Every structure is written in C-alpha cells, then in structure tokens.
Amino acid sequence: MANLETYFNNSQPLDEYIDSMTVNKDNVLTIYNAFTLPSSDDRINQLKDSSYSKVLVISEDWCGDAMMNLPILKRISESLQLEVRVFHRDEDTNLIDQYLTNGTARSIPIFIFMNDQFEQVSVWGPRAREAQEFVTQLRAEKLPPKDAHNYEDKEKEVHHEITSKYKSDTDLWNQVYDSIISKLML
C-alpha cells in the first residue's frame, strides 16, 4: 500500500485541481472570492510556527461538501503557506479506506495535514459540526423512507437545498473555518 508521501506526490496541486473541475468550479471560485479569513483570529499567527507544511485532500469534483470546504482551506493554506494537493477518492479507495467516516462511509473531503516528512499531524473532514447538524436535520425533516415512491425526487430537493446553503451562508463558511483551525490547534 502506498504511503502518504506517494499519494501526495501523485496528486494534483490545488489550483490545478480547481482549474480542471467540471462540476463545481464556479461555486468553488465564488466562495473563494467571497470568503476572507477573520482578521481578529490570532490562531493563524500561532499556526505559522507549527509543523504543518502540506495538506493532502481526498475529494471529488461533484462533492457539495468539498465545494464549500476547499475554498476555505485554500484561504487558510495561503495564509499558512501550506502546499495543498488533491487526490481523487475514486482513483484508489485504499487511501479513503484509511479515513472512513464513522468507520464505514467514504465521505469527502478529508484534509490530511502533514509535516515536512509527510507524517500525518492532523485530519479534518468531511464536515464542520454545524454543517453536519444542518444536513442531518434537513434530511430528517424532508426525506421520506428510502422505499417511498418519491424518495429520489425528495433527495434531489434536499441536495439542492444543501448546495444553496453551502454556496451562500457566510456564517456556515466561518464555522467551517473555525472547525478547521480548531482542529489544527490541538
């Protein structure tokens, strides 16, 4: 099995990945251009002296969570001068299988923060707690049982509502930022 250094070296630089996106590129760039790091957060300065130097992202272009989280990570990584590369989850599931959500789900994105020796220092993903609570509540309120005749239509409506919130909710963006930074401070 490949190690993190091999996966990192065989992954796309973040800007190249964004340029090649075909599904969520416009939304990623819109969020990136609208989101700024909070100027009053001293944690960024504290993290500049940390051992973090690289981030390996496990993602796919179609992922709504990645659509919101990647631009925020990009801003953080620029401030901390982290090299970010993106590995396509479905190219080799051996990597994502090391980072299963709740031990079973290949949920993305996953951000693996590493030092200069490609050693894992911290892992974040796939969602901030607040985003997870929103998705869980929305699904509970709006989705019928999976065997219902209208389940697929309702599921599309829920995905559309999630995507709309992810594209526009600046409070949620700040919660994602805070979640990532808090994880890095541990």
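Whatever comes next refers back to the structure up there.
Here we summarise the structure given alongside this text. (Residues numbered from 1 in each chain as written. Predicted model: local features only at pLDDT ≥ 70, side-chain atom pairs only at ≥ 80, totals over all residues. Heavy atoms only, no water.)

## Concerning the sheet that holds strand β4 (residues 110-114)
Here we have 5 strands laid out as an open sheet, ordered β1-β3-β2-β4-β5, and mixed in their pairing. Single-partner strands in this sheet number two, and they are β1 (12-13) and β5 (120-124). Pairing geometry for strand β2 (residues 54-59) and β4, over 5 bridges, is antiparallel. The residue of β4 that forms the bridge with Ile58 is Ile110. Where helix α5 (residues 64-80) meets the sheet, it contacts β2, β3 (83-88), β4 and β5, and its direction lies at approximately 170 degrees from that of β2. (Pairing = 2+ DSSP bridges. Helix = DSSP H or I, 4+ residues; strand = E, 2+ residues; numbered from the N terminus. Contact = heavy atoms within 4.5 Å. Axes fitted to C-alpha atoms, helices over the stretch in contact; angles between N-to-C directions.)

## Concerning the pattern of salt bridges
Going through the model one piece at a time under the given rule, you end up with 15 salt bridges. Across the pair Asp116 and Lys54 runs a salt bridge, and its minimum N-O distance is 3.9 Å. One end of the pair, Asp116, is in the loop between β4 and β5; the other, Lys54, is in strand β2, and 62 residues separate them in sequence. Among the residues examined, Lys54 registers a relative accessible area of 11% and is labelled buried. In this structure, Asp65 and Arg127 form a salt bridge, with 2.9 Å as the shortest nitrogen-oxygen distance. Taken as a pair, Asp65 in helix α5 and Arg127 in the loop between β5 and α7 (129-142) lie far apart in primary sequence, 62 residues in all. (Salt bridge = Lys/Arg side-chain N within 4 Å of Asp/Glu carboxyl O. Buried < 20%, exposed > 50% of the residue type's maximum accessible area, 1.4 Å probe, protein only.)

## Concerning the packing of aromatic side chains
Aromatic ring pairs are reported here in terms of the distance separating the ring centres and the angle at which the planes meet. Per the counting criterion, the structure on display carries 5 aromatic pairs. With a centroid separation of 6.2 Å and an interplanar angle of 50 degrees, the aromatic rings of Phe35 and Tyr177 are classed as tilted. Separated by 142 residues along the polypeptide, Phe35 in the loop between α3 (25-34) and α4 (43-47) and Tyr177 in helix α9 (residues 170-185) bring together distant segments of the chain. Each of the two residues, Phe35 as well as Tyr177, counts as buried. Arranged with centres 5.2 Å apart and planes meeting at 25 degrees, the rings of Phe111 and Trp124 form a pair that is stacked. Of this pair, Phe111 sits in strand β4 while Trp124 sits in strand β5, and the two are 13 residues apart along the sequence. Phe111 gets classed as buried once you look at its relative accessible area, which sits at 0%. In this structure, Lys54 is placed above the aromatic ring of Phe118, and the distance from its NZ or CZ to the ring centre is 5.0 Å. (Phe/Tyr/Trp six-rings, centres within 6.5 Å; stacked < 30°, edge-to-face > 60°. Lys NZ or Arg CZ within 6 Å of the ring centre and 35° of its normal.)

## Observations regarding unusual backbone geometry
With an omega of 5 degrees, the peptide bond running from Ile108 to Pro109 counts as cis. Looking at where Pro109 falls in the secondary structure, it is placed in the loop between α6 (93-96) and β4. Even without being a glycine, Gln81 presents a positive backbone phi close to 55 degrees. Checked against the element boundaries, Gln81 lands in the loop between α5 and β3. Located in the positive-phi region is Phe118, a residue other than glycine, with phi close to 65 degrees. Position of Phe118 relative to the elements: it lies in the loop between β4 and β5.

## Points about the pairing of β3
Among the 6 residues that make up β3, 5 are buried, leaving the element largely enclosed by the rest of the structure. Sheet analysis places β1 next to β3, joined by 2 bridges and oriented antiparallel. Within β3, the position partnered with Pro13 by the bridge is Arg85. Judged from the 6 bridges that link them, β2 and β3 form a sheet pairing that is parallel. Bridge pairing in β3 links Ser59 to His88. Read from β2 through α5 to β3, the crossover connection turns out right-handed. (Right-handed = clockwise from strand over helix to strand, strands pointing away.)

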